[in-house]
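Structural overview
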Amino acid sequence: MKALRIAAIVAVPFLLAALAIGFFLFEQQGGLAPYRIPKDSSRVVAADAETLKRGEYLARIGDCQACHTAPSGTPFAGGRGFASGYGMIYSSNLTPDREHGIGAWSVDEFAHAMRHGVSRRGPLYPVFPYEHFATLADADIDAIYIYLRSLPASANVPPANRLDFPASWRSALVLWRMLHYRPEPAPAANDDRGRYLVDGLGHCAMCHSTREPSGALATGGYLAGGRIPGSGWYAPPLDAKQLRRYSVEQLAGYLRSGASDAGAAYGPMAEVVYRSLQALSEDDALAMASYLKKVPARPRRDTEFTLLPEAPRQTVMGNGADIYKHHCADCHGNDGEGKNGQYPALRDAVATVAPDPINAVRMVLYGGFPAAMAHNPQPYSMPPFVQQLSPAEIAAVTNYVRETFGGQRSYLTPADVEAMHGIVLD
Amino acid sequence: MLYRLALLIFLVALAPHARAEAAADFGEHLAACAACHGKQGEGVQGAEYYPHLAGKPAGYLLEQLRGFRDGRRVSTQMMWYVRFADDAFLQSIADYYAALPPRTRSADTGAAQLTDERRHVAQNLVEHGDPAHDVPACSACHGANLAGLEPGVPALLGLPVDYVIAQFGAWREGVRNGAPPDCMHDVAGKIAADDIRAIAVYLSQQSNVDSLRPSPAGSFVPPKACGSLPHAETAK
């Protein structure tokens, strides 16, 4: 009896402290407000032609359709899978079907989900960029809602998420939010259109920021670059230093065409350009470009990127220079200067200067086509070398290119290259 | 007047040359394709799997490129290259390869050989089909010379053995899909696996010494309706 009393006296302060910390963290993620879904709201937005058209434009440059459409599926009907550190998450149906889509949602309920990441189904997984959409103007969210309501209803039911415990338990997201989600008050005035687009609908930081293993934004990681979670691609930093090779006009052109003399977009960025950014108005592209070129460069983190963690870190240059001369120089030039309008320069190119070699290895192994559409109707392609060159030769030539044209110490080994064998459509 | 006429004659004389040059220039865009399909779409000799493309009907090539992009045909490699390409670019690629001269040599069949008896079975299926099982002859749609039919039926001459077998498997399993009615899905399901292999070896051994092009559209009427060729004349 006495022992129990002593245990209680010892335990109570710990319990109280845990409660206080929990309460503090809960307040930090926004308190109870995010969980109050405005289901009863009766506010109605006029669906006039102009709002509808604006909503379509905003949904396009926000790239809603790309994530909310399964491969060869009905547009906006959900079902595309996203690999995360916690398992597979499938996008939801945004069509006006009352049961399977968002047809029963009021405009305020939609706005609440966009801003707070909580819907009538509970907290949403942060693969949905609500942190970014929180900064959107009311009128823009309303217009997107009106556009989504105009789509044909689809009764498509996306596959169930396949997540590990405890992430499989939706309420565990409250804990994730307590640890990682810090809502910021919306800027008082959206006087910088470029920043509004980059941070809001563009949600560029989803890929281009440095992230912790939890998926949360790293301190000082805003647009600082890093390996994209759930994907075998490195997203470069977006700041004044990284983008100094572009004028504002060139960068705006790149955003709409996916190509420039300084390099072309492949992989996830090619998809963003193809499905979304090619629709940017010239003014909006210029605004985004001029904002990005003003972002102050963060000190580069000394993260060592490796493809195989246990591989010995030693440079394999070997006959890299010879392989370059024989297979690469015809198009990319003896000094990595490229051929204007056709083949990009390798000197200071994104894949060459990146601390992470993964983009360079993938391009040498499999090549590819930049996105082909109105602003870049007939792109030039990079051939694959996986059949022609051995893993040792690919390691050697990639190290040579990164060291010679990018000033980047490069330690790729044949084993690193072998680990990348097999095209992944991520 | 005379001057204008001279200029006109000069320009007309120049036109095919300019067209050929423009086509050669377009080939510069397609270095990624050349790695497996050859610089002139003639295929790559040694360890053959990938089909040659030169001279196939543009309508057929476009339909395949769109199929890879939109998921009707599954090949991770092809999806990787065309998934962010619009119709206009795919059309340019299709037109480019369609205009090149068809390959003349047969496929490098490696160890694949046929006994006389199996060859006879294959040739019979290719030329006469199997009416008892409602299998049309290959030649009924692909032409008596197997060089194809504009605008959408490909040549079969000299295709690699493994490629042809893989396509039959893909049609049977629904991995390669044409628009309904999917004629090749119907046909593939009615031929025994053994016979598919014999047909594939037989076709791979056929050369096209005269570089025959697909027969002109409408020059004969295929016996089966094919949904992938809505613009082609087919039997009801």
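Because the structure is a prediction, the values reported are computed rather than measured. (Residues numbered from 1 in each chain as written. Chains lettered and ligands numbered in written order. Predicted model: local features only at pLDDT ≥ 70, side-chain atom pairs only at ≥ 80, totals over all residues.)

For the rest of this paragraph, the subject is the overall build of chain B. Scanning chain B for helices and strands turns up 10 helices and zero strands. Across the 236 residues in chain B, those meeting the buried criterion constitute 36%. (Helix = DSSP H or I, 4+ residues; strand = E, 2+ residues; numbered from the N terminus. Buried ≥ 20, exposed ≤ 12 C-beta atoms within 10 Å, placed from the backbone.)

All right, on to the overall build of chain A then. For chain A, the helix and strand inventory stands at 17 helices and nine strands. In summary, chain A has a C-alpha radius of gyration of 24 Å against a globular reference of 22 Å for 426 residues, a match within 12%. The principal-axis extent of the C-alpha atoms belonging to chain A is close to 75 × 70 × 40 Å. Looking at chain A residue by residue over its 426 residues, the buried ones come to 42%. Here the analysis covers contacts within chain A between residues at least 6 apart in sequence; of these, 68% occur between residues at least 24 apart. (Rg over C-alpha atoms; globule rule 2.2 N^0.38 Å. Contact = placed C-beta atoms within 7 Å.)

Domain parsing of chain A yields domain 1 (1–29), domain 2 (33–180), domain 3 (195–292) and domain 4 (320–419). For domain 1 of chain A versus domain 4 of chain A, the distance between C-alpha centres works out to 58 Å. (Domains from an automatic or database assignment.)

Right, let's get into the pairing of strand β2 (residues 87–90) of chain A. All names here are of chain A. Relative to β2, strand β1 (residues 81–84) runs antiparallel, the two being bridged by four bridges. From the neighbouring strand, A83 faces β2, where its bridge partner is M88. Hairpin connection between β1 and β2: a loop of two residues separates the two successive antiparallel strands. Looking at chain direction, β2 and strand β5 (residues 162–163) are connected through two bridges and run antiparallel. Paired with M88 across the bridge in β5 is R162. (Pairing = 2+ DSSP bridges.)

Our next topic: the confidence of the model for chain A. Low pLDDT means the predicted coordinates in that region are not meant to be read closely. Averaged over every residue, the pLDDT of chain A is 90; the share at 70 or more is 94%. Averaged over each element, pLDDT in chain A is lowest for helix α1 (residues 2–28) of chain A (86) and highest for helix α2 (residues 49–61) of chain A (98). (pLDDT = per-residue confidence, 0-100.)

Moving on, we get to the confidence of the model for chain B. All names here are of chain B. Per-residue confidence for chain B gives a mean pLDDT of 88, with 86% of residues at or over 70. Element-level pLDDT for chain B is lowest in helix α1 (residues 2–27), with a mean of 57, against a maximum mean of 98 in helix α5 (residues 87–99). Among the prediction metrics, the complex's ipTM stands at 0.90, with pTM recorded as 0.90.

So, on to the sheet that holds β1 of chain A. Backbone hydrogen bonds hold the strands of a sheet together, and the pairing may be parallel or antiparallel. Here three strands make up an open sheet; going across it, the order is β1-β2-β5 (chain A) and the pairing antiparallel. A strand with exactly one partner marks an edge of an open sheet, and here the two such strands are β1 and β5 of chain A.

To continue, consider the nonpolar core. Generally speaking, soluble globular proteins have nonpolar side chains that are buried together. Membership of the largest hydrophobic core comes to 123 residues, with the highest contact counts inside it found for L255, M288, L292 and V397 of chain A together with L61 and A94 of chain B. Apart from the residues lying within four places of it in its own chain, the contact partners of L61 of chain B are L53, K56, A94, Y97 and A98 of chain B. In terms of nonpolar packing, the next biggest core, distinct from the first, is built from 21 residues, L146, L156, V164 and F168 of chain B among them. (Core = buried A, V, L, I, M, F, W, Y, C linked by C-beta atoms within 7 Å.)

Okay, the interface of chain B and chain A next. Frequently, the measure chosen for interface size is the accessible area removed from exposure when the parts meet. Between chain B and chain A, the contact holds 20 residues from the first and 23 residues from the second. Those elements that place two or more of their residues in the side of chain B that touches chain A are α2 (31–37), α4 (76–82) and α5 of chain B. When residues of the side of chain B that touches chain A are assigned to their parent elements, the largest contribution, five residues, is made by α4 of chain B. The class makeup of the residues in the side of chain B that touches chain A is 12 nonpolar, five polar and three charged. (Nonpolar A, V, L, I, M, F, W, Y, C, P; charged D, E, K, R; others polar.)

In this section: the packing of α2 of chain A against helix α6 (residues 138–149) of chain A. Residues and elements named next belong to chain A. Interhelical geometry of α2 versus α6 gives an angle of 95° and a closest axis separation of 7 Å. What the angle tells us is that α2 and α6 run roughly perpendicular. Only D140, A143, I144, I146 and Y147 of α6 make contact with α2, whose side of the interface consists of T51, L52, R54, G55, E56, L58 and A59. (Axes fitted to C-alpha atoms, helices over the stretch in contact; angles between N-to-C directions. Parallel < 35°, antiparallel > 145°, perpendicular 65-115°, else oblique.)

Residues and elements named next belong to chain B. Its 13 residues give helix α6 (residues 116–128) an end-to-end C-alpha distance of 18 Å, which sits within 8% of 18 Å, the value for a rise of 1.5 Å per residue. A122, L125 and V126 are the residues of α6 that are buried. What you see down the axis of α6 is that its buried residues fit within an arc of 100°, all on one side. Those residues of α6 that are exposed and aimed more than 90 degrees away from the buried face are D116 and E117. Elements that come into contact with the buried residues of α6 comprise α7 (138–142) and α10 (193–204). The first or second residue beyond α6 is G129, which carries a positive phi of 70°. (Expected span 1.5 Å × (residues − 1). Arc of directions from axis to C-beta.)

Turning our attention to unusual backbone geometry. Residue P166 of chain A follows F165 of chain A across a cis peptide bond; omega there is 5°. By the secondary structure assignment, P166 of chain A is in the loop between β5 and α7 (172–180). Residue P180 of chain B is joined to P181 of chain B through a cis peptide bond whose omega torsion reads -5°. Positionally, P181 of chain B belongs in the loop between α8 (161–173) and α9 (183–188). Phi is positive for S72 of chain A, close to 50°, though the residue is something other than glycine. Assignment of secondary structure puts S72 of chain A in the loop between α3 (64–67) and β1. Positive phi, normally seen in glycine, also occurs at F76 of chain A, with a value near 70°.

Right, let's get into the environment of Y411 of chain A. Relative to the helices and strands, Y411 of chain A resides in the loop between α16 (391–406) and α17 (414–419). Distance from Y411 of chain A to A396 of chain A, taken between C-alpha atoms, is 9.2 Å for residues 15 residues apart in sequence.

Within the element layout of this structure, R244 of chain A appears in the loop between β7 (234–235) and α10 (248–257). Each C-alpha atom, one on R244 of chain A and one on P379 of chain A, is 24 Å from the other, the two residues being 135 residues apart in sequence.

Turning to the packing of helix α13 (residues 320–332) of chain A against α16 of chain A, a few remarks are in order. Residue and element names in this part refer to chain A. Running from amino to carboxyl end, α13 crosses α16 at an angle of 90°, the nearest separation of the two axes being 8 Å. Classified by the interaxial angle, the pair formed by α13 and α16 is roughly perpendicular. Packed against α13, whose contacting residues are G320, A321, I323, Y324 and C328, the element α16 presents E393, A396, V397, N399, Y400 and V401 at the interface. Tallied by class, the residues present in the contact of α13 with α16 amount to eight nonpolar, two polar and one charged.

Here we take up α1 of chain A. All names here are of chain A. For α1, spanning 27 residues, the distance from its first C-alpha to its last is 39 Å, which sits close to the expected 39 Å at 1.5 Å a residue. Of all the bends in α1, the greatest reaches close to 30° and is centred on A11; the proline P13 follows between one and four positions later. By the criterion of burial, α1 is predominantly exposed, with just zero of the 27 residues buried. Taken from the residues just after α1, G30 is the one with a positive phi, measuring 115°. (Bend = angle between axes of the 7 residues up to and from the residue.)

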